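# Working through the structure, step by step
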Amino acid sequence: MSENQTAKIIIEGKEHEYPVMIGSENEKAIDLRQFRKETGYITFDDGYGNTGSCLSNITFIDGEKGILRYRGIPIEQLAEKSSFLCAAYLIIYGKLPNETDLNEFRKKVAKKAHLHVDFKHHFEGFPKAAHPMAVLSSMLNSLGSYYPHMSTNNREQDLEQFDETAALLISKVRTIAAATYRMNMGLPFIYPRKDLRYVENFLHMMFTEPYEQYIAPKEVSDALDLFFLLHADHEQNCSTSTVRMVASSGANLFASVSAGVSALWGPLHGGANAAVVKMLQEIHDSGDDGSRYIRAAKDGKARLMGFGHRVYKNYDPRATIFGQAAERVLKALGREDPLLDIAHHLEQAALSDDYFIQRKLYPNVDFYSGIVLKAIGIPVEMFTVMFAIGRMPGWIANWKEMAETSTKIHRPRQVYTGPTISDYTPIEERK
Ligand code: ACO
């Protein structure tokens, strides 16, 4: 972090000087922490596109070059060589685990997969058709009440329990997700098994029947492990900044990640993976090959879901990895999906179209991930829940970083545009 340069801002004829900050990857920022105090002005940045809300050493993205690294390690290397739990450890603890660390972490996660028996009542309180994201968000917050010593809202005490809480959340988010699916389908809950690895255990809780054990084909568990790994962190996106926002008030980890789930739900964020498959299905059912849809997107009548990104102005590297994974998994399972052909056509058409070129709109992680999830048997309503399971390590790491390094509550300002002072009118005089 170099602070030798400064930036000058002239307001009402008066010059103000502010330090320039330079991150380890040469990311430049003007440190405006004293700006309002000195000038009385605030900066206006609707959507925070130009605002650095924190210092972080977890994940680096260069959106212009299409680079994503967890703790300095390129996503391509992790996708090829790592597993989800290994990447989760890296993201949370800042270094790759050695064999002993990884085994212990795995055991800790495996041990915490069961839900308290009273938890069943929470599921029973939801309508059968409740959206799995609504259930997940509520359940994660409720979970904290079963572990009051881990959810004290006292930073020091919550940090003392951090290792246990982190493993518990990574483990139980998967059990809750599977139980929600079973509830939606009117199927009995399936208990976790200690002998199965993370992804296999999840698929077992989803698809085993009391009369028939589900055994995940390797291609399926590999594809899902890759899905989780590619979603594990993505710096200050909408849900992660929500987690940090909530954490800034001193709220515990359960409450913070529960808010992250709610932020993730929207179609402009984690909800996009489901929206992509719905879009592809609609295109298919209408007999279009994608050309009509592209025209509608250019006319502002539709949005090409799975395209565009606030940060990436180049290929999202995760989309490249997933495009290949989609081909691989469909081939291995001996399946064909007409939606994959439509996706290819949309991608080619959009990449050679001026509208998309000028706006630097490229496929994002969600463009192919839905096709992979569909191929491995995950229902569309569960897609965003899958994203939430994958993102859990990133939320946890950001909560930890926030809790360890910052004591400042997040509290943006606004530019007020409402009425100026006016007197209260008694009801009988109102028009
Ligand atoms: N289809 C068609 N046009 C688009 C798209 C799209 N998917 N995305 C952006 N544009 C156009 C906008 O209409 C706008 O055009 P204009 O300049 O003529 O008005 C221009 O590109 C800039 O778009 P913004 O919405 O201002 O870009 P922003 O950075 O705010 O939005 C976002 C990024 C939300 C991801 C957007 O590209 C989008 O809605 N994409 C589709 C949804 C999606 O795939 N979301 C997943 C994101 S990745 C994730 O969260 C995991």
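Calculation rules
Residues numbered from 1 in each chain as written. Predicted model: local features only at pLDDT ≥ 70, side-chain atom pairs only at ≥ 80, totals over all residues. Helix = DSSP H or I, 4+ residues; strand = E, 2+ residues; numbered from the N terminus. Rg over C-alpha atoms; globule rule 2.2 N^0.38 Å. Buried ≥ 20, exposed ≤ 12 C-beta atoms within 10 Å, placed from the backbone. Contact = placed C-beta atoms within 7 Å. Near = placed C-beta within 6 Å. Nonpolar A, V, L, I, M, F, W, Y, C, P; charged D, E, K, R; others polar. Axes fitted to C-alpha atoms, helices over the stretch in contact; angles between N-to-C directions. Pairing = 2+ DSSP bridges. Core = buried A, V, L, I, M, F, W, Y, C linked by C-beta atoms within 7 Å. Expected span 1.5 Å × (residues − 1). Arc of directions from axis to C-beta.

The helix and strand inventory of the chain stands at 19 helices and six strands. Computed over the C-alpha atoms, the radius of gyration of the chain is 23 Å, within 12% of the 22 Å expected from 2.2 N^0.38 for a compact globule of 431 residues. Along the three orthogonal principal directions, the C-alpha set of the chain runs to about 75 × 65 × 55 Å. Among the 431 residues that make up the chain, the fraction classed as buried is 41%. Taking the contacts inside the chain whose residues are at least 6 apart along the sequence as the reference set, 72% of them involve residues at least 24 apart.

Time to look at the site of the ligand. Around the ligand there are 17 residues in total, and Ala-272, Leu-304, Phe-307, Gly-308 and Arg-310 lie nearest to it. Class assignment of the residues belonging to the shell around the ligand gives a composition of eight nonpolar, five polar and four charged.

Here helix H6 (residues 132-146) crosses helix H19 (residues 383-405) at 30°, and the two axes come no closer than 8 Å. For the pair H6 and H19, the contacting residues are Pro-132, Met-133 and Leu-136 in the first and Thr-384, Val-385 and Ala-388 in the second. Classifying every residue of the contact of H6 with H19 gives five nonpolar, one polar and no charged.

Ordered by their spatial adjacency, three strands build an open sheet running S1-S2-S3, and the pairing between neighbours is antiparallel. Among the strands making up the open sheet, the edge pair consists of strand S1 (6-11) and strand S3 (28-30). When the angles between neighbouring strand axes are averaged without regard to direction, this sheet yields 30°. Strand direction decides the pairing type here: S1 and strand S2 (residues 14-22), joined by six bridges, are antiparallel. Within S2, the position partnered with Lys-8 by the bridge is Glu-17.

With respect to the secondary-structure elements, Ile-389 resides in helix H19. Measuring from C-alpha to C-alpha, the distance between Ile-389 and His-204 comes to 16 Å, with 185 residues separating the pair along the chain. Once you skip the residues sitting within four places of it in the chain, Ile-389 turns out to touch Val-173, Arg-174, Ala-177 and Phe-228.

A few words now on the nonpolar core. Grouped together as the largest cluster of nonpolar side chains are 118 residues, with contacts concentrated most on Leu-136 and Val-372. Not counting chain neighbours up to four residues away, the residues in contact with Leu-136 comprise Ile-176, Ala-177, Thr-180, Val-261, Val-385 and Ala-388.

For helix H16 (residues 338-351), built from 14 residues, the straight-helix expectation of 20 Å at 1.5 Å per residue is met to within 8% by its first-to-last C-alpha distance of 20 Å. Among all positions of H16, only Leu-339, Leu-340, Ile-342, Ala-343, Leu-346, Glu-347 and Ala-350 are buried. Mapping the buried residues of H16 onto a view down its axis gives an arc of 160°, with all of them on the same face. Facing away from the buried side of H16, by more than 90 degrees, are the exposed residues Pro-338 and Gln-348.

Here we take up unusual backbone geometry. Phi at Tyr-48 takes a positive value of approximately 60°, unusual for a residue other than glycine. Assessed through the 13 C-beta atoms surrounding it within 10 Å, Tyr-48 is described here as partly exposed. With a phi close to 50°, Arg-71 is a non-glycine residue in the positive phi region. Looking at Arg-71, the number of C-beta atoms within 10 Å reads 19, which means it is partly exposed.

Burial along strand S5 (residues 67-70) is one-sided: Leu-68 and Tyr-70 are buried, while Ile-67 and Arg-69, pointing the other way, are not. Examined bridge by bridge, strand S4 (residues 59-62) and S5 share four bridges and lie antiparallel to one another. The partner of Ile-61 across the bridge, within S5, is Leu-68. Following S4, the chain reverses through four residues before pairing antiparallel with S5; Gly-66 in that reversal takes a positive phi of roughly 70°. Direction of pairing for S5 relative to strand S6 (residues 73-74): antiparallel, over a ladder of two bridges. Its bridge partner being in S6, Arg-69 is matched across the sheet by Pro-74. From the end of S5 to the start of S6, which pair antiparallel, there are two residues, and Arg-71 there has a positive phi angle of about 50°.

Here the focus is helix H15 (residues 317-332). Between the first and last C-alpha of H15 there are 23 Å, a value that for 16 residues agrees with the 22 Å anticipated at 1.5 Å per step. Within the sequence span of H15, burial applies to Pro-317, Arg-318, Ala-319, Ile-321, Phe-322, Gly-323, Ala-325, Ala-326 and Val-329. Taken together, the buried residues of H15 touch S5, helix H2 (75-81), helix H10 (218-230), H16 and helix H18 (366-375). Gly-334 occupies a position one or two residues after H15 and carries a positive phi of about 65°.

Its location among the elements puts Cys-86 in helix H3 (residues 84-93). A tally of 19 C-beta atoms within 10 Å means that Cys-86 is categorised as partly exposed. Residues Cys-86 and Thr-242 lie 156 residues apart in sequence; the distance between their C-alpha atoms is 25 Å. Sequence-distant contacts of Cys-86, that is, excluding residues within four places in its chain, are made with Leu-96, Pro-97 and Leu-102.

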